Amino acid sequence: MSSNKSNNLQNELRNNVDLFVSKWKFILFCLVLAIGIAFLYLRYADYQYQATAIIKINSEKQSKAMPELSALQDYGMFSSDFSNITDEIEIIKSRNLIRQVVEDLKLNIKYYVKGKIKEQEVYKNPPVILNFFESDSLINTVDTTFHLKVKSATKFTLSNEEGSELFDIESSNAKEYAFGDRITSGFGDFIITPNTGKFAVKPGTGIKIKLSNIKNVVEQYQGKFKISNEKGSNIIKINLKESIKQKAALILDKLVEKYNNDVIEDKEKIVKATSDFINNRLNVVSNELEQVDFTAETLQKNNRLTALASQADIFLQSEKANDAKIINTSNQIQLIDYMKDHLNNNESDSDLLPADVGIADNSVMQITKSHNELVLQRDRILKNSTEKNPTVINLNQQINALKQNLNQSLDNIKSANAITLNSLNQEDARISSQIYSAPGKARQFRDVKRQQDIKESLYLYLLQKREETAISQGMSSPNAKIVDHAYVTVDPVTPKKTIVYLASLILGLAIPLSLIYTKELLNTKIESKKDLASVLNIPYLGDIPKSDKKQLMVKKVDYSPKAEAFRIIRSNINFMLQDNASSCKTLFVTSTTAQEGKSHTSTNLSKSFSYSEKKVLLIETDIRVPRVNDYLDIKANKGLTDYISDKSLNIKDVTVKLKDNEFLDVIPSGTIPPNPAELLMSNRVNELFKTAKENYDYIIVDTAAVGLVTDTLLISDHADMFVYVVSVNNIDKRQLHIAQTLYDEKRLPNMAVLLNGTIKKKGYGYGYGNNPQRKKKKFGII
């Protein structure tokens, strides 16, 4: 059983292959058509090239240009934990940065040169340049298209795609201008100037200038940028697809440049805040130092103090060390007061705090650093958001909390320094009281001198910080290190020629194959012996090839495929009736429906038997739609129906003898009666067949279709054999159940199927035989 299944599978596969091979011209046409479409698509497609730029987000240690400058050690943006690459990616593709790129590169203005079939965008060195007199804020909101036709080196025509409402033109037709003319439009005046040199515009060139709203362009590029990052890495890849290679590279490089400029601006804000703080403090300290110097000068003048007696070394050394501590503690208290004053009375637009002003406490430095980080983070978010953003609200709460902590820390530090200063003053008083020999005036001068030293040291410290901050202003490093500048693929990423041609090849084969296979599945017509065998389990008699309508009848000397086919069928009939001992063999020709070739088969079969010099009688019993007279070109006044209805007539009275064939006689259908079925039930029919069998070797009966009327079944008992004609491409397979039922129920004796109208395939035919007109091969064995 498995062997049968395997054979069936092989046969089915072979049948499918044969089916596809028979349609090779259609398949080849579809394949060539698909490849041609692919060629045209690739020829006129807009190719997209991918540009890629690679950057690295620097950390705090890597960003220090001069580690020896304390003013550059902590600006809030370079803390060791600043590595949130996701935030940086969002900043890179923010509308703010992309808008700057679009404005700098004028991406909202596109120039197209019109060709015969498509237009080509030109970005670098366009043939003409459009210049506006209005501000960019107005031009950036325009969304329109100009169509320009170059007439000569100095003249051109200009029209607007949307009509003439934007121009001072009476109609929408193009108007002629000269290059350099001031053209007035509804969104401002502009001029158009031609390019020169090898990029000069040629007469007859068609140019389209498209102006787009810059907001729409920004949104488009937000979707075009593809930014990726490997987890745990500071490397960021930025990809962009564009139809122009140079344009894609310029956009990516400009985007990285704008991102670095944005980061540098944030750094410089901290430096500026520190510089402003130091300059304000310098002004205050300078005034205080001037007052102390003036007091010392006055004291010396009034008391004529030019020299002071030396004290004992031990007291002087103690006093000197104590004075240094008093100076340092006083400086800390002054710096704390300055910081608190800046913290509580800051009237600038920024919340940034000065970093590393000299307060000797790590907690203050850490809080200041964290505060500045949060302020910068909030300000960067606000560039693309509002104060109502939950993240901004959260950051504001954290900033206020840090300010409160910083204020509390400064109070605590100041209290501790005040206690220390009080202790040092008490120690100083104790030492001073022991210097009993020092005059009061010297002690008074020493107090003034101490204040002078305090102010001078603070002044010098602030001067040093101001210089360091001034140096740092020109040394802010970018946040992104460029690993690879934007580079563009040599070959386009879309469309890929290999994939397009491969797809066209697949579709060029798949579509026709699927159509052929689907058509075959849906086809319910009989087309071949194979189709017939799949539906009917009836002996197969043979097939008749389709022939030219001009040659409907076979001839005695005839080497055509049709004549050979009828000879084969004649032999097959004789073989099937070899056990029939009757001297006259009666053949009935029928079919399921009309127009299947019953009359054609019966007439040609009659002729074929007659050419073998057998006496043949052709009887047409299809009295409803007779066709035999037309095929044999005979005219008869009387026929079968006349014989049945008129008992005075005998068989010779209704028999027609053919002039060119003495072995073939015909009994036509006769007058068309109103009751053909009842007429065929007459005993005269039995008499007809009884008489005919005595005088003829073969009786061939052209009957009516069994699927339409019962006429044939009424006279079927007179037949020795039934030839059941099935027409190719004319009958539905589902209608052949009638033939199978008649065969199974044995209602039609000795039934066999004949396939009519088969199509002759290449390499197959009835060419064997002694045909003098047969074409012979020039070389080789015939």
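Anything mentioned here points back to the structure above.
Residues numbered from 1 in each chain as written. Predicted model: local features only at pLDDT ≥ 70, side-chain atom pairs only at ≥ 80, totals over all residues. Heavy atoms only, no water.

Visitor: Whenever I open this one, the packing of aromatic side chains confuses me. Can you help?
Guide: Working definition: an aromatic ring pair is given by the centre-to-centre distance plus the angle between the planes. Overall, the coordinates contain eight aromatic pairs when judged by the stated rule. A centroid spacing of 5.6 Å and a plane angle of 55 degrees characterise the contact between Phe132 and Phe190, whose relative ring orientation is tilted. A residue pair is termed long-range when its members are at least 10 positions apart, and Phe132 in strand β4 (residues 128–132) and Phe190 in strand β8 (residues 190–194) qualify at 58 residues. Here Phe190 falls in the buried class, since its relative accessible area comes to 0%. An aromatic cluster is built from Phe132, Phe146 and Phe190, whose rings are joined through pairwise contacts. We note Lys224 situated over the ring of Tyr221; from NZ or CZ to the ring centre the distance is 4.8 Å. (Phe/Tyr/Trp six-rings, centres within 6.5 Å; stacked < 30°, edge-to-face > 60°. Helix = DSSP H or I, 4+ residues; strand = E, 2+ residues; numbered from the N terminus. Buried < 20%, exposed > 50% of the residue type's maximum accessible area, 1.4 Å probe, protein only. Lys NZ or Arg CZ within 6 Å of the ring centre and 35° of its normal.)

Visitor: Hey, could you run me through the pairing of strand β14 (residues 585–591) in this one?
Guide: Side-chain direction in a regular strand flips from residue to residue, so the side chains alternate between the two faces of the sheet. Among the seven residues of β14, seven are classified as buried, and the element is accordingly described as predominantly covered. Neither face of β14 is open: one carries Lys585, Leu587, Val589 and Ser591, the other Thr586, Phe588 and Thr590, and all of them are buried. Sheet topology note: the β14/strand β18 (residues 698–702) ladder contains five bridges and is parallel. Each residue of the ladder has a partner; that of Thr586, found in β18, is Ile699. As paired strands, β14 and strand β19 (residues 721–727) are joined by five bridges and run parallel to one another. Residue pairing in the sheet places Leu587 in a bridge with Met721 of β19. (Pairing = 2+ DSSP bridges.)

Visitor: What is the right way to read the side chain of Lys585 from this model?
Guide: Inspection of the secondary structure assignment puts Lys585 in strand β14. Buried within the structure, Lys585 lacks any salt-bridge partner; its nearest side chain of opposite charge belongs to Asp720, at an N-O separation of 7.3 Å. Ignoring anything within four residues of it in the chain, the contact list for Lys585 reads Leu577, Asn580, Asp697, Tyr698, Ile699 and Asp720. (Lys, Arg positive; Asp, Glu negative; His and termini not counted. Salt bridge = Lys/Arg side-chain N within 4 Å of Asp/Glu carboxyl O. Contact = heavy atoms within 4.5 Å.)

Visitor: I'm lost on unusual backbone geometry in this one. Help?
Guide: Keep in mind that most residues, glycine aside, have a negative phi and that most peptide bonds are trans. Following Thr494, the chain continues to Pro495 via a peptide bond in cis, the omega torsion being -10 degrees. Note on placement: Pro495 falls in the loop between β12 (480–488) and α12 (497–522). The backbone of Asn729 shows a phi angle near 60 degrees, a positive value even though the residue is not glycine. Its location among the elements puts Asn729 in the loop between β19 and α22 (737–744). Residue class for Asn729 comes out partly exposed when judged on its relative accessible area of 40%.

Visitor: Help me out: how do you make sense of the environment of Ala486 in this one?
Guide: Of note, Ala486 is situated in strand β12. Each C-alpha atom, one on Ala486 and one on Ile238, is 8.7 Å from the other, the two residues being 248 residues apart in sequence. When near neighbours in sequence (up to four residues on either side) are disregarded, Ala486 contacts Thr52, Ala53, Ala249, Leu252 and Asp253.

Visitor: What exactly am I supposed to notice about the nonpolar core here?
Guide: A general tendency of soluble globular proteins is for nonpolar side chains to be buried together. Core analysis: the biggest nonpolar cluster contains 40 residues, and Leu532, Ile619, Leu640, Ile667, Ile699, Tyr724 and Val726 have the highest contact counts within it. Considering every element that reaches this core, the biggest residue donor is helix α20 (residues 683–695), with four residues. Counting residues in each nonpolar core, the second largest holds 35 residues, with Ile55, Ile98, Val101 and Ile227 among its members. (Core = buried A, V, L, I, M, F, W, Y, C linked by side-chain atoms within 4.5 Å.)

Visitor: Please explain the packing of helix α2 (residues 24–44) against α12 as it appears in this structure.
Guide: Two numbers describe how α2 lies on α12: the axes approach to 8 Å, and their chain directions differ by 150 degrees. Classified by the angle their axes make, α2 and α12 are roughly antiparallel. For the element pair α2 and α12, the recorded crossing hand is right-handed. On α12, the residues that touch Phe26, Ile27, Cys30, Leu31, Ala34, Ile35, Ala38, Phe39, Tyr41 and Leu42 of α2 are Lys497, Val500, Tyr501, Ser504, Leu505, Gly508, Leu509, Pro512, Leu513, Leu515 and Ile516. Taken together, the residues that form the contact of α2 with α12 break down as 18 nonpolar, two polar and one charged. (Axes fitted to C-alpha atoms, helices over the stretch in contact; angles between N-to-C directions. Parallel < 35°, antiparallel > 145°, perpendicular 65-115°, else oblique. Left-handed = near helix turned anticlockwise from the far one by under 90°. Nonpolar A, V, L, I, M, F, W, Y, C, P; charged D, E, K, R; others polar.)

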